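Secondary and tertiary structure notes
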Amino acid sequence: MAVAFEVTDSGHGEWAVLRVSGEMDLVTSPVLRQRVHEAVADGRRNIVLDLSGVVFCDSSGVGVLIATRRLMRSCRGRLKLILPADGAAGGGPAQGAHVNRVLAALGVRRLFDVHPDVPSAVAPESDGEADPLSA
């Protein structure tokens, strides 16, 4: 059964939040790439990608995340990812945990500024943390 892919956006102060749900694969990843480029073209330099609704991510999805990191770095912007931990409160796997595991398995999770939820990502206190984009 195919899971519908969707990207919705909202603003949280200086942050553009793109909420991604469904499967990030060869077919759907270009949609996310385009939405990120549109946000940057609109002058947004601080982007949160909320991946908590992503149930599957292949190499093309990872490629879009790495390309987004590179884009934000080139325009002196900031990128934060929302990735839930492995377990949901109900004991089952959390949506989005798959992306967390894929990035960790590939050894690229450390490249990203990861948060458990949108409020913690956009909170002013989080701006004082080390920014992986400057690495």
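Refer to the structure above for everything that follows.
Presented here is an overview of the structure given in this document. One numbering rule holds for all chains: residues counted from 1, following each sequence as written. In keeping with the model being predicted, local features are shown solely for residues with a pLDDT of at least 70 and side-chain atom pairs are shown and tallied solely at 80 or more, while totals for entire chains, interfaces and linings include all residues. Excluding hydrogens and water, the side-chain values take into account all heavy atoms of the structure.

Let's talk about the nonpolar core
For our purposes a nonpolar core is just a set of buried Ala, Val, Leu, Ile, Met, Phe, Trp, Tyr and Cys residues, chained together by side-chain atoms within 4.5 Å. Only protein chains enter the accessibility calculation, which uses a 1.4 Å probe. A residue is then buried if its area is under 20% of the maximum for its type, exposed if over 50%, and partly exposed in between. Ranked by size, the top nonpolar core spans 28 residues in total, and within it Ile-47, Leu-49 and Leu-51 carry the most contacts. Going through the elements one at a time, β2 (15–24), α1 (29–41), β3 (46–57), α2 (59–74), β4 (78–82) and α3 (97–106) are the ones with two or more residues in this core. Listed in part, the seven residues of the second largest apolar core include Trp-15, Val-17, Ile-82 and Val-118. Numbering goes from the N terminus for both helices and strands, where a helix is a DSSP run of H or I of at least four residues and a strand is a run of E of at least two.

Notes on unusual backbone geometry
One non-glycine residue, Arg-76, lies in the positive phi region at around 55 degrees. Positionally, Arg-76 belongs in the loop between α2 and β4. Residue class for Arg-76 comes out exposed when judged on its relative accessible area of 79%.

Examining the pattern of salt bridges
Any two side chains of opposite charge can pair, on the condition that their charged atoms come close. Just to be clear on terms, a salt bridge is a Lys or Arg side-chain nitrogen sitting within 4 Å of an Asp or Glu carboxyl oxygen. Tallied over the full model, the rule gives four salt bridges. For Asp-9, the salt bridge is made with Arg-35, and the minimal N-O distance between the two is 3.1 Å. Here the residue Asp-9 occupies a position in strand β1 (residues 6–12), and Arg-35 occupies one in helix α1, the gap between them amounting to 26 residues. Note that Asp-50 is salt-bridged to Arg-19, the shortest N-O span being 2.8 Å. You can see Asp-50 sitting in strand β3 and its partner Arg-19 sitting in strand β2, a full 31 residues away along the chain. Among the charged side chains, a network of salt bridges with common partners joins Asp-9, Arg-35 and Glu-38.

Some remarks on α1
Between the first and last residue of a helix there are one fewer steps than residues, each counted as 1.5 Å, and that sum is the expected span. Taking 1.5 Å of rise per residue, the 13 residues of α1 would be expected to cover 18 Å, and the 18 Å separating its terminal C-alpha atoms lies within 8% of that figure. Considered for burial, the residues of α1 that qualify are Ser-29, Leu-32, Val-36, Ala-39 and Val-40. Buried residues of α1, viewed axially, fall in a sector of 100 degrees; they line one side. When checking whether two residues touch, look at their non-hydrogen atoms; a contact exists if any pair is within 4.5 Å. Next to the buried residues of α1 lie β1, β2, β3 and α2. Gly-43 occupies a position one or two residues after α1 and carries a positive phi of about 95 degrees. Comment: arc refers to directions from the helix axis out to C-beta atoms.

Overview of the pairing of β4
Looking down a regular strand, the side chains alternate between one sheet face and the other. Extensive coverage of β4 is indicated by the burial of four of its five residues. Here, any two strands with at least 2 DSSP bridges between them count as paired. In terms of strand pairing, β3 meets β4 through five bridges, oriented parallel. In the strand pairing of β4, Asp-50 is matched with Ile-82. Here, the term right-handed applies to a crossover whose path from the first strand over the helix to the second runs clockwise when the strands point away from the viewer. Once the chain exits β3 it traverses α2 before rejoining the sheet at β4, and the crossover so formed is right-handed. Sheet topology places β4 next to strand β5 (residues 113–115); three bridges connect them, and they run parallel. Paired with Lys-80 across the strands is Asp-113, a residue of β5.

Observations concerning the pairing of β2
Burial analysis of β2 places seven of its ten residues in the buried class, which makes it a mostly covered element. Strand direction decides the pairing type here: β1 and β2, joined by seven bridges, are antiparallel. Looking across to β2, one finds that Thr-8 is bridged to Arg-19. Linkage of β1 to β2, two consecutive antiparallel strands, is achieved through a turn of two residues, within which Gly-13 is found at a positive phi near 65 degrees.

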